[in-house]
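What follows is each chain in one-letter form.
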Amino acid sequence: MIPTLIVLGFLAFGVAIVAFATRHRGPGAAPAPLDPQTGWNDPITPANVSTSEDPFAHAPQMAVVDPVRTTEPHA
């Protein structure tokens, strides 16, 4: 009997959460902004670089370092 009451309590709690989340607000509620213009989906290209030019095309080459052999071998 107790497990049945626990399950019914969880179901009632779930229904209450869904009813609270989907309730209709009255006419005094503030409307949500339609388009806040935050720019979260704007492209991330800099303004002074065209999209066809690679910004790292003229960068100096990195030196390749062997992580295993950092010292001279012993003779």
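Residues numbered from 1 in each chain as written. Predicted model: local features only at pLDDT ≥ 70, side-chain atom pairs only at ≥ 80, totals over all residues. Heavy atoms only, no water.

J.: An account of the overall build of the protein chain is requested, with residue identities and associated values reported.
T.: Along the protein chain, the regular secondary structure elements total one helix and zero strands. Looking at the 75 residues of the protein chain, the share that counts as buried comes to 0%. Summed over its atoms, the accessible surface of the protein chain is roughly 8,000 Å², and 66% of this surface lies on carbon and sulfur atoms. (Helix = DSSP H or I, 4+ residues; strand = E, 2+ residues; numbered from the N terminus. Buried < 20%, exposed > 50% of the residue type's maximum accessible area, 1.4 Å probe, protein only. Areas by Shrake-Rupley, 256 points an atom, 1.4 Å probe, with all protein chains shown as cover.)

J.: Can you lay out the environment of Thr22 for me, pointing to particular residues and giving the numbers?
T.: Positionally, Thr22 belongs in the segment after helix H1 (2-21). Engagement of the side chain of Thr22 in a polar contact is seen with the backbone oxygen of Val18, the distance being 2.7 Å. (Polar contact = N/O pair within 3.5 Å; in protein donor to acceptor, adjacent residues only side chain to side chain.)

J.: Give a description of a nonpolar patch on the surface that names residues and reports values.
T.: A cluster of nonpolar residues, Met1, Ile2, Leu5, Ile6, Val7, Leu8, Phe10 and Leu11, forms a patch on the protein surface that exposes about 890 Å² of accessible area. Looking at the element boundaries, Leu5 is found in helix H1. For Leu5, a relative accessible area of 47% translates into the label partly exposed. (Patch = residues over 30% accessible without salt bridge, like charges linked within 9 Å, V, L, I, M, F, W, Y side chains within 5 Å. Salt bridge = Lys/Arg side-chain N within 4 Å of Asp/Glu carboxyl O.)

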